[in-house]
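Structural overview
Given next are the chains, with one letter for each unit.
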Amino acid sequence: GGGGGGGGGGVLSERCNVVLTHANADFDSLAGAVALAKLWSVTRPELPTHVVMPRGVNPLVSRFLAYHKHLLPVRGFKTIAETDICGLGVVDCHSLERLGPAGSWVHAAEHVTVVDHHAVDHQAGGGDIKPNELLLEEVGSATTVLVERLRALAGEPGAAATAAPLELTETEATLFALGIRADTGQLTFPATTPRDAHALAWLMDHGVSQSAVAEFGQPRLSAVQRDLLSQAMDEMRLAEHEGLHIGWTVLNTGHGFVTGMAAVATELLQLLACDVVLLGVLHTNAKEQPFFSLIGRCSARAEGRAVDLQAILSRWKGGGHRAAAAASIKLRTREAPPHAGEDDVLEEAYGVMQQAVSMLVNQVPEQARAADLMTRAEHVSACRPTDTMEEALALMNARRKRTVPVLAEDDTLLGFIKYRDPIKAVGAGKGGQQVKAWMRRELLTVEPDTPFADMEALLLEGDTGRLHVVDDDHRLIGLVSRTDILRHYALYRGI
C-alpha cells in the first residue's frame, strides 16, 4: 500500500507539486525527496509540495517516520488526485516500475524532474522515465545533489543571495545526514566523493542531531530476521570463482513479506567473509501471489573486479547500485499452470537465482597471474653470493632497498638478505664477509601462472613483503611485492 503520510483517507483536491520516493524507500530516497520539496518551497512557492512514498519504506525509515512523520511534508498516496499534480519530482530512481502505483503520475504531470547520482543505461532497460529536467551528479548520494543546492540558497559565501535565506530544521538536517550516510556507507563506499563529505559536514554545522543519527541510523534485526539470518547461514552455498568468494541461497518464508531482508544480506556478507552475497526470499502476498525478492550485496573488492549487481538485477527490473541492488519478481508468469504447486514455485525461484549467479560469474574477469604483476628480473636489484656485506649495504643504500635476492651467476635464486643483515655485519666488523654466509635460505617462491588470490594469501600470511617468481630451473624471473598487490587493486592514484 501507499507509504504512510499525514491526512486521512479522502482525496484532498488542490493543485500541488509532488516528490516521489521509489518503492521500499531507503533513507537516501526519502531524504532526497524531502530536500527537493524544501528546494521547491523556495524556487516554486506558488504551489505546496508534498512527499509521497508510493509503496512502502524499509524498516529503518519506517522507524524514523514513526517518530518524525508529523515534522515532514509527507502525504499518503491515496490523498492526492493524479489530476491535481503540476510538478513531479522523482528521487534516486529512473524506472516507472519502482514507482509502483504512482508510475502513471509521471505521464500526468506538467513537469517532471529526476534527481539521481548514478547514470542508467536506458538501452539496457535500466530506465524509462523521460524527465523535463535531470539533475544527475556522480556523487555517492542523491541527497548530496540537493543539499548542495540548498546550501546555495542558505546564503553561503559565494552563493547567490536570496531575499530570505533558507534555514533547515533539526529534523531536516538530521534526515539529510542519514540519507548521505546510508548511501555512502558512512563515507566508506568506493563511490563516495569529497562532495558527500562536504555536504555532510555542512549539515552537521546546521542542526544535525548526532544522538538521533545514532538512534535511527543503525539497523536492528527483528526476531524473524534473526531467524532467517541463522537459516541463511546454515543453507548458504559457497563457492570461489577467480579469487572471489561468492555465497547464495533461497529462503522460503512460507508466509507474507518480511521487511528488512537487505540488512540480513549485509550481515551475511560480513559474517561469512564473502565478496558477493545473493539472497533470495520467496513469499506470497494477500492474494496468494508468489513473489521472489532477490537482494545482492558485494564488497569493494568485488566491485573493483567488475561486479555490478545493478546490471544483474536490472534483468528483472530491479534497482540500486553496483554494490547493492534488489529486485521483486512476480513468479508463475512463464507458461505456468494457474494452480502451480509450491514445488513449482520453488523451482522457478531457484531458476531465477541460478540465472543471477551465472550472470555474476560471467561478469568476473580472469584473475591476474604472477607474470602479469611482477617486476621483471632485469629490473630487480640483486646480490651475488660472493659479494661482501659492505657491497651489499652500499647497493641497498643506493637503490633504497630493504630486501634483495641473492642470485648465482646463472640467475638461480639462492636466498635473500634484509637490510638489517649488512647493518649488523658491518657494525660487528664483519663487512668483508661474503653474502652467502649471511643470506636467508627460507624462500617464498611462486610460478609465473600463480593466480592473484594465492599470491595475496601468501603475502598476508607470510613474514615477507615479496614473492620470488621462478621458472622450472629455479631461476628468478621476477618479484611480486605488496606494492604490486596494492597497485593491482588501484586503491591509490600514486602507487
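Quick note: structure is the one above.
Below: a short report on this structure. Bear in mind the structure is a predicted one, so any value in this text is a computation, not a measurement. (Residues numbered from 1 in each chain as written. Predicted model: local features only at pLDDT ≥ 70, side-chain atom pairs only at ≥ 80, totals over all residues. Heavy atoms only, no water.)

Further remarks concern the pattern of salt bridges. Scanning all chains against the criterion turns up 19 salt bridges. Glu 137 is paired through a salt bridge with Arg 195; the nearest N and O atoms lie 3.3 Å apart. A residue pair is termed long-range when its members are at least 10 positions apart, and Glu 137 in the loop between strand E6 (133-136) and helix H4 (142-153) and Arg 195 in helix H6 (residues 194-205) qualify at 58 residues. When its relative accessible area of 22% is taken as the criterion, Glu 137 is described as partly exposed. Taking relative accessible area as the criterion, Arg 195 reaches 30% and is therefore assigned partly exposed. Note that Arg 195 and Glu 148 form a salt bridge whose closest N and O atoms lie 2.7 Å from each other. Residue Arg 195 is located in helix H6, and its partner Glu 148 is located in helix H4; the two are separated by 47 residues in the primary sequence. The exposure class of Glu 148 is partly exposed, given its relative accessible area of 26%. Within this structure, Glu 137, Glu 148, Arg 149 and Arg 195 form a network of salt bridges that share partners. (Salt bridge = Lys/Arg side-chain N within 4 Å of Asp/Glu carboxyl O. Helix = DSSP H or I, 4+ residues; strand = E, 2+ residues; numbered from the N terminus. Buried < 20%, exposed > 50% of the residue type's maximum accessible area, 1.4 Å probe, protein only.)

Next up on the list: unusual backbone geometry. The residue Lys 317 is not glycine, and still its phi comes out positive at about 60°. Topologically, Lys 317 is positioned in the loop between helix H11 (309-313) and strand E11 (319-320). The backbone of His 474 shows a phi angle near 65°, a positive value even though the residue is not glycine. For His 474, the position within the fold is in the loop between strand E17 (466-470) and strand E18 (476-481). When its relative accessible area of 32% is taken as the criterion, His 474 is described as partly exposed.

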